[in-house]
Structure formats: C-alpha cells, structure tokens
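Descriptive analysis of the structure
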Amino acid sequence: MSSLGGRSGGTWRLPQLSSAETKVRSHALFARMHADGVEALDQRRCREDLVRLHLPLVEHCARRFLNRGEPLEDLVQVGTIGLIKAVDRFDDDRGVEFSTYATPTIIGEIKRHFRDKGWAIRVPRRLQELRMSISSATAQLSQDLGRSPTPGEIAEKLGVEVEDVLEGLESANAYATISLDAGEEGEDSAGSMLAQLGEDDEALAHVEIRESIKPLIETLPARERRILLLRFFGGMTQSQIAQEIGVSQMHVSRLLNRTLEQLRTEMREVG
C-alpha cells in the first residue's frame with residue numbers, strides 16, 4: 001500500500017493528482033481492494049481512499065444543482081453517499097472508467113434528495129420530475145433563443161402538452177415555503193409574517209343582523225328602545241339601566257325579555 005500514498009496517524013494521505021494520475025490511482029486501489037486474500041482492514045482503507053480520491057467529482061456534480069435552495073455542503077454530503085454506493089458496486093474489470101460509472105449514481109442521489117427532502121409540500125413524483133425537466137429545458141432554450149422561452153416552446157422541447165408545463169411550473173410553488181413564524185431580525189423589523197396577517201373581524205358576522213334588525217328597533221316604544229340600546233350598545237347592566245330610567249331592576253328584566261321575544265318573532269316573520 002505504500003505506493004498508493006503515505007499514512008499518518010492511521011489516516012491515508014492522498015496527494016492532489018491530475019486526471020490521468022487519478023485514473024491510475026483509482027485502478028490500483030480497486031485492484032487492491034478486490035484482490036484475493038486481502039484483509040478486511042486493507043479493504044476498508046482502499047475504500048476510504050477511493051472515496052477521498054473522487055470527492056472532487058462529487059463537488060463537480062453538486063455544483064450543477066446550485067441556486068436551488070440547498071447549500072453546496074449539503075449537496076456534497078448527499079452526493080458522497082452516491083459515491084460510496086458507486087465504489088461498493090463498481091467492477092473494474094468492465095473496462096469502464098470509474099468516474100463515468102459513478103457520475104450517474106452521484107447525480108441520481110442528489111436528485112433523489114431534491115425529490116424527497118427539498119419539497120416543503122408533498123407533490124406527486126411525476127410533477128417533481130417534470131419540474132426538473134422544465135428547469136433544464138428552460139435553461140437550454142434561454143441560451144439558444146437569447147430570451148426566456150414560452151410555455152409552448154418548453155412543451156415542444158419536452159414533447160408534452162402546454163397544460164403539463166403549466167402544471168409543472170405551478171408545482172414549483174410547493175418547493176419552498178416560508179414559516180409564518182419567520183421574520184426579519186432587528187429592532188425595526190415588522191415581526192413575524194403571522195403577526196402581520198389580518199384576522200377575521202368578528203363584528204362583520206353581525207353586520208347583516210344589525211342592518212336587518214335596525215328597522216324593527218325603530219318601531220319599538222321609546223322606553224323599550226332605550227333599554228335595548230343601553231343594554232346591548234351601551235354595555236350597561238340591568239341594575240344600571242334601572243337606575244338610569246327610574247324603575248326596578250326586575251321591571252327592566254321583564255321589559256327586556258318581552259322586547260327581545262318580540263324582535264325574534266318579527267325577525268322570523270321577515271326571514
């Protein structure tokens with residue numbers, strides 16, 4: 001193993017290599033890892049060295065997915081999972097370069113991450129894949145046309161209906177959301193989005209009732225009308241009303257009950 005790199009403190013140190021040197025080192029590591037009679041410890045070291053050797057490939061693949069709402073570090077971590085799977089499955093005897101074999105696996109792992117982890121609201125897998133196809137086609141058409149393509153042009157490029165493109169574009173709204181508790185930091189911030197949202201005005205529910213009952217109230221005798229207004233619009237208790245108009249609280253209660261029953265009856269007749 002000394003020809004494959006030095007080792008210090010139990011960790012193999014692999015120098016920065018050119019593309020040609022990486023291929024040679026990769027072939028040597030795979031040959032060593034799959035050799036008959038090799039010890040498990042050596043196999044594990046070869047596997048770790050292969051992963052470290054091809055981390056630049058992972059970063060290259062991850063950079064293709066920048067500006068899609070995920071940090072590069074997270075994409076590299078996800079892509080590394082694909083790299084490890086490729087190392088474990090690769091057969092050097094096939095005559096295919098490892099980088100050629102590993103790239104689809106790395107990219108597939110990153111795409112799976114976007115499908116399964118990146119969506120704030122779950123949407124059908126078909127729409128997730130369609131959105132990515134639309135994004136790729138849009139980038140290519142924008143370069144070819146020198147402008148943003150229309151939904152019709154995207155549909156023609158992908159061989160789908162315009163309605164499918166519009167549906168895919170609409171599904172992009174589910175890709176990222178903002179928490180209602182999120183807000184700008186700072187003393188002058190407006191607070192969270194939730195604090196800025198309007199609330200239902202409970203008084204609105206009573207507008208129609210008030211407008212319907214207003215003509216009926218106007219037909220009441222002056223004393224009954226005054227008692228009603230003091231009770232429900234003035235917020236006064238029956239005792240306070242009794243003192244206000246100079247009668248007993250019990251008499252106020254009787255007049256109030258009789259007036260309310262009259263209004264209910266008239267409202268049912270009107271309705």
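All of the points below concern the structure found in this document. (Residues numbered from 1 in each chain as written. Predicted model: local features only at pLDDT ≥ 70, side-chain atom pairs only at ≥ 80, totals over all residues. Heavy atoms only, no water.)

1. Overview of the packing of helix H2 (residues 40-53) against helix H4 (residues 72-89)
- Between H2 and H4, the shortest axis-to-axis distance is 10 Å and the interhelical angle comes to 135°. Between H2 and H4, the interaxial angle falls into the category oblique. Here the hand of the crossing between H2 and H4 comes out right-handed. Where H2 approaches H4, its residues Arg-47, Leu-50 and Val-51 are matched on the opposing element by Thr-80, Leu-83, Ile-84, Val-87 and Asp-88.
- A class-by-class count of the residues in the contact of H2 with H4 yields five nonpolar, one polar and two charged. (Axes fitted to C-alpha atoms, helices over the stretch in contact; angles between N-to-C directions. Helix = DSSP H or I, 4+ residues; strand = E, 2+ residues; numbered from the N terminus. Parallel < 35°, antiparallel > 145°, perpendicular 65-115°, else oblique. Left-handed = near helix turned anticlockwise from the far one by under 90°. Contact = heavy atoms within 4.5 Å. Nonpolar A, V, L, I, M, F, W, Y, C, P; charged D, E, K, R; others polar.)

2. Regarding the nonpolar core
- Membership of the largest hydrophobic core comes to 25 residues, with the highest contact counts inside it found for Phe-30, Leu-83, Val-87, Phe-98, Ile-106 and Ile-110.
- Taken together, the elements giving at least two residues each to this core come down to helix H1 (19-33), H2, helix H3 (55-62), H4 and helix H5 (98-116).
- Discounting chain neighbours no more than four positions away, the residues touching Phe-30 are Leu-50, Val-87, Phe-90, Asp-92 and Phe-98.
- Counting 14 residues, the second largest nonpolar core, distinct from the first, contains Ile-227, Val-252, Leu-256 and Leu-263. (Core = buried A, V, L, I, M, F, W, Y, C linked by side-chain atoms within 4.5 Å. Buried < 20%, exposed > 50% of the residue type's maximum accessible area, 1.4 Å probe, protein only.)

3. Quick word on the pattern of salt bridges
- Applying the stated criterion across every chain yields a total of 11 salt bridges.
- Here Asp-42 ties to Arg-32 by a salt bridge, and the two come within 3.1 Å at their closest N and O atoms. In this pair, Asp-42 sits in helix H2 while Arg-32 sits in helix H1, placing the two residues 10 residues apart along the sequence.
- Using a relative accessible area of 15% as the deciding quantity, one classes Asp-42 as buried.
- For Glu-109, the salt bridge identified is with Arg-112, shortest N-O distance 2.9 Å. Of this pair, Glu-109 and Arg-112 both sit in helix H5, separated by three residues, roughly a single helical turn.
- A single network of salt bridges, built from pairs that share partners, joins Arg-32, Asp-42 and Arg-45. (Salt bridge = Lys/Arg side-chain N within 4 Å of Asp/Glu carboxyl O.)

4. Looking at the side chain of Thr-80
- Mapped onto the elements of the fold, Thr-80 is located in helix H4.
- If near-sequence neighbours (up to four positions away) are discounted, Thr-80 is found in contact with Val-51, Leu-55 and Val-58.

5. Here's the deal with the packing of aromatic side chains
- What the rule picks out here adds up to four aromatic pairs.
- Consider the rings of Phe-30 and Phe-98, whose centres lie 5.1 Å apart with planes at 50°: the pair is tilted. One end of the pair, Phe-30, is in helix H1; the other, Phe-98, is in helix H5, and 68 residues separate them in sequence.
- By relative accessible area, which is 3% here, Phe-98 ends up buried.
- A ring pair is formed by Phe-90 and Tyr-101, whose centres lie 5.3 Å apart and whose planes are at 50°; its orientation type is tilted. Placement of the pair is Phe-90 in the loop between H4 and H5 and Tyr-101 in helix H5, with a sequence separation of 11 residues.
- Residue classification places Tyr-101 among the partly exposed positions, given a relative accessible area of 21%.
- What links up through ring pairs into an aromatic cluster is the set Phe-30, Phe-90, Phe-98 and Tyr-101.
- Lying across the ring of Phe-232, Arg-231 places its NZ or CZ 5.7 Å from the centre. (Phe/Tyr/Trp six-rings, centres within 6.5 Å; stacked < 30°, edge-to-face > 60°. Lys NZ or Arg CZ within 6 Å of the ring centre and 35° of its normal.)

Purely spatial values, then, with no claim about function.
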